[in-house]
There are 2 protein chains.
Amino acid sequence: MNRRAVVLLSGGMDSAVCLHAAHAEGLELYPISFRYGQRHQQELEAAKAVVDTLPVARWLILDLPLDQIGGSALTDPNLIPCKSGPGDTIPATYVPARNTIFLALALGWAETLNASEIFIGVNAVDYSGYPDCRPAFVEAFTRLANLATRAGVSEHPFTVRAPLQTLSKAEIIRLGVQLGVDFSLTRSCYDPTPDDLACGSCDACRLRLAGFQAAGLADPIRYAQA
Amino acid sequence: MNRRAVVLLSGGMDSAVCLHAAHAEGLELYPISFRYGQRHQQELEAAKAVVDTLPVARWLILDLPLDQIGGSALTDPNLIPCKSGPGDTIPATYVPARNTIFLALALGWAETLNASEIFIGVNAVDYSGYPDCRPAFVEAFTRLANLATRAGVSEHPFTVRAPLQTLSKAEIIRLGVQLGVDFSLTRSCYDPTPDDLACGSCDACRLRLAGFQAAGLADPIRYAQA
């Protein structure tokens, strides 16, 4: 039996590259996605398109009422995603404890599946300044995972893999091209138009566009503004 | 403004004592409960009864499809909760990564509320042998919480409080009596009868009954078998 990997999959570029990276290692793929009240529901359609390009063992979509917790422009209809560039403050699109919550659920599924690897597409180079994207966070979660679970206690330990951690956006895009990722299927925008055009000005769009530019490639998705 | 505490509340004895302990410290109470496909849905009715006895600022119930993750006798209709006594193996009622998942969601809410304390009723003396009840788990989560969040990074740190951690079941019951907990409202059984009688033989019932006996008190709830 192949080793199994649970892969957090959002529909964005980074997690698509992550899923391909796990596939390239010969791991059996168990992507997990969340319907969490996010503004950008197109995410899940993009995730489906990415899943369809790979031999996935099972794709799990969990409903998660994070909008009841509130506190983020991504899930609260009364807050507007910020249009300012990434800076050294944490932006309004930060969802409280989101990666902790997603990894905790991925951990539960991984334990059930007897999968010892969990992939997450965080990176701390060209990122939005969220605290739960930093290497120290990934290390702390790995430690927790092995204290929290039956598998961690009695069998082989869990590893949380963040293969994009130290890569720039341009390097992630180049790695994706090398692994065969079809970036036209991925979506990054926090605030897309109803007919699925990326806004071109939110933090996620800016990072994506700058990454393609630095990689010397054209972004294959469509934008509302050039 | 009073300090705020998010308190994991299940409807069992331990979390009821925890909620009262937070109240006794003068904290503003934000209990959080989960509808997670558990067999013992009476839990949430018990949680409501406990909430009604205290000045709670807001009670949040989150729907969480843990049954889709599987792997536990508590959520899987094809598995039967074990009737053996607690031993040194982890029982079938263990829900993969449950406390990690619950704490992660509590953390998200706490960050939104600007609450810096999270209470959890775990104890590692008279317990069922779940790995995510041990002090090392609670410490690892606290460390993670402060790396994972905006509040942990930029403001006052989070504290995960486990006031029952080193108490025996009898000591928890005595503390509860002292704090005014009405134990007749609480429910512990993993497999209650349809008319809400505790089975008397699952791990949770055994621990509860032994605790009352050791405390020299009568358990005020009704059992299917004496």
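Note that the structure is a prediction, hence the values are computed from the model and not measured.

Colleague: Just to check I follow, could you spell out the overall build of chain A for this structure?
Modeller: Counting its regular elements, chain A contains seven helices and five strands. Its helices and strands in sequence order give chain A the pattern β-α-β-α-β-α-β-α-α-β-α-α, from N to C terminus. Looking at chain A as a whole, 54% of its 226 residues qualify as buried. In chain A, once contacts between residues fewer than 6 apart in sequence are set aside, the share between residues at least 24 apart is 70%.

Colleague: Is there a simple way to explain the sheet that holds strand S5 (residues 159-161) of chain A in this structure?
Modeller: In a beta sheet, neighbouring strands are held together by backbone hydrogen bonds and run either parallel or antiparallel to one another. Residues and elements named next belong to chain A. Sheet architecture is open: five strands sit in the order S3-S2-S1-S4-S5, paired in parallel fashion. Of all strands in the sheet, those with a lone pairing partner are strand S3 (60-63) and S5, marking the two edges. Taken over all neighbouring pairs, the strand axes of this sheet differ in orientation by 25 degrees on average, direction set aside. Here strand S2 (residues 28-35) pairs with S3 via four bridges, running parallel. The residue bridging Arg35 from the neighbouring strand is Asp63, located in S3.

Colleague: Hey, could you run me through the environment of Cys18(A) in this one?
Modeller: Residue and element names in this part refer to chain A. With respect to the helices and strands, Cys18 occurs in helix H1 (residues 13-24). On the basis of neighbour counts, which here come to 31 C-beta atoms within 10 Å, the residue Cys18 falls in the buried class. Taking the C-alpha atoms as reference points, Cys18 and Leu209, separated by 191 residues in sequence, lie 19 Å from one another. For Cys18, the contacting residues outside a window of four places in its chain are Val7, Phe119, Gly121, Pro163 and Leu164.

Colleague: How should the relation of the copies chain A and chain B be read in this particular structure?
Modeller: A rotation about an axis combined with a shift along that same axis relates the two copies of the chain. For the pair chain A and chain B, the best superposition has an RMSD of 0.0 Å and corresponds to a rotation of 180 degrees with a translation of 0.0 Å parallel to the axis. Taken together, the rotation and translation describe the operation of a two-fold axis. Most of the interface of chain A is mirrored in chain B: 100% of its interface residues are interface residues there too.

Colleague: Mind showing me how you'd approach the sheet that holds strand S1 (residues 4-8) of chain B here?
Modeller: Residue and element names in this part refer to chain B. The five strands are arranged S3-S2-S1-S4-S5 in an open sheet whose pairing can be described as parallel. The open sheet terminates on both sides in strands that have one partner only, identified here as strand S3 (60-63) and strand S5 (159-161). Each strand of the sheet is rotated relative to its neighbour by a mean of 25 degrees, with strand direction disregarded. The sheet strands contacting helix H3 (residues 98-113) are S1, strand S2 (28-35), S3, strand S4 (117-119) and S5, and the helix crosses S1 at an angle near 160 degrees.

Colleague: What is the right way to read the packing of helix H1 (residues 13-24) of chain B against helix H6 (residues 169-179) of chain B from this model?
Modeller: A pair of packed helices can be characterised by two numbers: the angle between their axes and the separation between those axes. Residue and element names in this part refer to chain B. Between H1 and H6, whose axes approach to 10 Å, the crossing angle comes to 45 degrees. In terms of orientation, H1 and H6 fall into the oblique class. In this structure, H1 crosses over H6, and the sense of that crossing is left-handed. Contacts between H1 and H6 involve Met13, Asp14, Ala16, Val17, His20, Ala21 and Ala24 on the former and, on the latter, Ile172, Leu175, Gly176 and Leu179. When the residues that make up the contact of H1 with H6 are grouped by side-chain class, the tally is eight nonpolar, two polar and one charged.

Colleague: It is not clear to me how the interface of chain A and chain B should be interpreted in this structure. Could you clarify?
Modeller: Note on interface size: it is often stated as the accessible area lost on association of the parts. On the chain B side, the residues contacting the 36 residues of chain A number 36 residues. Elements with a minimum of two residues in the side of chain A that touches chain B: S3, helix H3 (98-113), helix H4 (135-148) and helix H5 (150-154) of chain A. If one sorts the elements of the side of chain A that touches chain B by residue count, H3(A) sits on top with ten residues. Considering only residue class, the side of chain A that touches chain B consists of 23 nonpolar, eight polar and five charged.

Scoring rules and cut-offs
- Residues numbered from 1 in each chain as written.
- Chains lettered and ligands numbered in written order.
- Predicted model: local features only at pLDDT ≥ 70, side-chain atom pairs only at ≥ 80, totals over all residues.
- Helix = DSSP H or I, 4+ residues; strand = E, 2+ residues; numbered from the N terminus.
- Buried ≥ 20, exposed ≤ 12 C-beta atoms within 10 Å, placed from the backbone.
- Contact = placed C-beta atoms within 7 Å.
- Pairing = 2+ DSSP bridges.
- Axes fitted to C-alpha atoms, helices over the stretch in contact; angles between N-to-C directions.
- Least-squares fit on C-alpha atoms with pLDDT ≥ 70 in both.
- Parallel < 35°, antiparallel > 145°, perpendicular 65-115°, else oblique.
- Left-handed = near helix turned anticlockwise from the far one by under 90°.
- Nonpolar A, V, L, I, M, F, W, Y, C, P; charged D, E, K, R; others polar.

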